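Breakdown of the fold
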Amino acid sequence: MNSSATEPLEEQTPGEAITAATGGRRLALDVHGRLRAMILSGELPPGSVLLQAEMARKLGVSRTPMREAFRLLQEEGLIDAKPDQRARVRAVDPADLDSVYSARIMLEALAVSVTAKSLTAEDLEHMGEALERMQESAGADRPDEWYAAHKRFHGVATQAVGPQMQRMLASLAEQSERYIRLAQLGVPGSWARAHKEHEALLEALRTSDPAEAAHVIARHLARTALSVLADVAPEYEPSSTRTALQIAGNGQG
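Here's what I pulled together on the structure shown here. Position numbers for residues count from 1 along each chain, tracking the sequence in the order it is written. Thresholds applied to this predicted model are a pLDDT of at least 70 for local features of residues and 80 or more for the giving and counting of side-chain atom pairs; totals over whole chains, interfaces and linings are not thresholded and use all residues. Computation of side-chain values covers all heavy atoms of the structure but excludes hydrogens and water.

**A short note on helix α3 (residues 63-76)**
We count it as follows: Each helix is a run of H or I in the DSSP string that is no shorter than four residues. Each strand is a run of E no shorter than two, and both are numbered from the N terminus. Expected span, for any helix, means 1.5 Å times one less than how many residues it has. For every residue, the accessible area (1.4 Å probe, protein chains only) is compared with the maximum for its type, and the residue is labelled buried under 20%, exposed over 50%, or partly exposed between those bounds.
Counted at 1.5 Å a residue, the expected span for α3 with its 14 residues is 20 Å, and the 20 Å between its end C-alpha atoms agrees. Residues of α3 that are buried include every one of Pro65, Met66, Glu68, Ala69, Phe70, Leu72, Leu73 and Glu76, and no others. Positioned one or two residues after α3, Gly77 has a phi angle of 85 degrees, which is positive.

**Here's the deal with the packing of aromatic side chains**
Condition: Note on aromatic pairs: the rings of Phe, Tyr and Trp (six-membered ring only in Trp) are paired at centre separations within 6.5 Å, and the planes decide the class, stacked below 30 degrees, edge-to-face beyond 60, tilted for the rest.
Summed over the entire model, instances satisfying the criterion amount to three aromatic pairs. Ring geometry for Trp146 versus Tyr147: centroids 5.2 Å apart, planes at 90 degrees, classification edge-to-face. Assigned by exposure class, Trp146 and Tyr147 land together as buried. Grouped by ring-pair contacts, the aromatic residues Trp146, Tyr147 and Trp191 constitute a single cluster.

**What to know about the pattern of salt bridges**
Quick reminder of the rule: Here, a salt bridge means any Lys or Arg side-chain nitrogen found within 4 Å of an Asp or Glu carboxyl oxygen.
Inspection of the entire model under this criterion finds nine salt bridges. Between Arg104 and Glu108 there is a salt bridge, and its shortest N-O distance comes to 2.9 Å. Of this pair, Arg104 and Glu108 are both found in helix α4 (residues 94-115), four residues apart, which corresponds to roughly one turn of the helix. Of the residues examined, Arg104 reaches a relative accessible area of 3% and is grouped as buried. Each of Glu68, Arg71, Glu75 and Arg181 takes part in a single network of salt bridges with overlapping partners.

**Notes on the packing of helix α5 (residues 121-137) against helix α6 (residues 143-157)**
Threshold: Note on geometry: axes are C-alpha line fits, over the in-contact stretch for helices, and angles between N-to-C directions span 0 to 180 degrees. Note on terminology: angles under 35 degrees are roughly parallel, angles over 145 are roughly antiparallel, angles of 65 to 115 are roughly perpendicular, and the others are oblique. Definitions for this section: a left-handed crossing has its near helix turned counterclockwise from the far helix by less than a right angle. A right-handed crossing has that turn clockwise. Note on contacts: a residue pair qualifies if any of its non-hydrogen atoms lie within 4.5 Å across the two residues. Classification convention: Asp, Glu, Lys, Arg as charged; Ala, Val, Leu, Ile, Met, Phe, Trp, Tyr, Cys, Pro as nonpolar; all other residues, Gly among them, as polar.
Relative orientation of the contacting elements α5 and α6 amounts to 155 degrees, with a least axis distance of 8 Å. What the angle tells us is that α5 and α6 run roughly antiparallel. Where α5 crosses over α6, the two elements pack in a sense that is left-handed. Each of Asp123, Met127, Ala130, Leu131, Arg133, Met134 and Ser137 in α5 lies in contact with α6, whose residues at this interface are Glu145, Trp146, Ala149, His150, Arg152, Phe153, Val156 and Ala157. For the contact of α5 with α6, the residue count by class is nine nonpolar, two polar and four charged.

**Points about the environment of Glu212**
For Glu212, the location among the structural elements is in helix α9 (residues 210-232). For Glu212, a relative accessible area of 34% puts it in the partly exposed group. Taking the C-alpha atoms as reference points, Glu212 and Ala200, 12 residues apart in sequence, are found 9.1 Å from one another.

This is the structure in structure tokens:
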């Protein structure tokens, strides 16, 4: 048994507690980065079983940062880790990402174009509130809050299309979540760029400009897809995403 488990804990000052928490978070992020690199490089191939205790020993860390690293990897969609089951490495399929985002670019560009001239002041206010919540929770340990606000924001921006297209958009958005998380955790500056792009979309909708709204959403979605692919599969050529961007983004990009 680890002796630290039986020794009395020394009382920490508030400053020491904050320093310890910050250091622990940095260590967890470092462990996450090392495991992430091992998965993406193929050192830990798809289907590999990951045991927290074993990986902690291998990387020379305690179970606490390893648990947090596993949580982050699960949020990214890089591992499956259900309660009372062993974690396994998931595959990242670049062709699936290319397909999902090319379809989403085309449909969502159409949807925001249709919606652009029908939004009310109340609709725009709701989008602004959702954007504020996204900014407040961006980069923090509150992914559920960010995703909920993000879903509301895009939901209002595309609300004028019919129920069949709404279902298709919802399905594509759900499939996109793991790739968004890959961008957020693996692509430097992703949070800030995404916020500026959401602001640009809201401004285009405020001015009832369908062409600009379609252009902004196409580039926003393509940027996420291309950034993730450059990170996880740099050898893959995302021809469908690039073609969709050329069509929906007015030949830009």
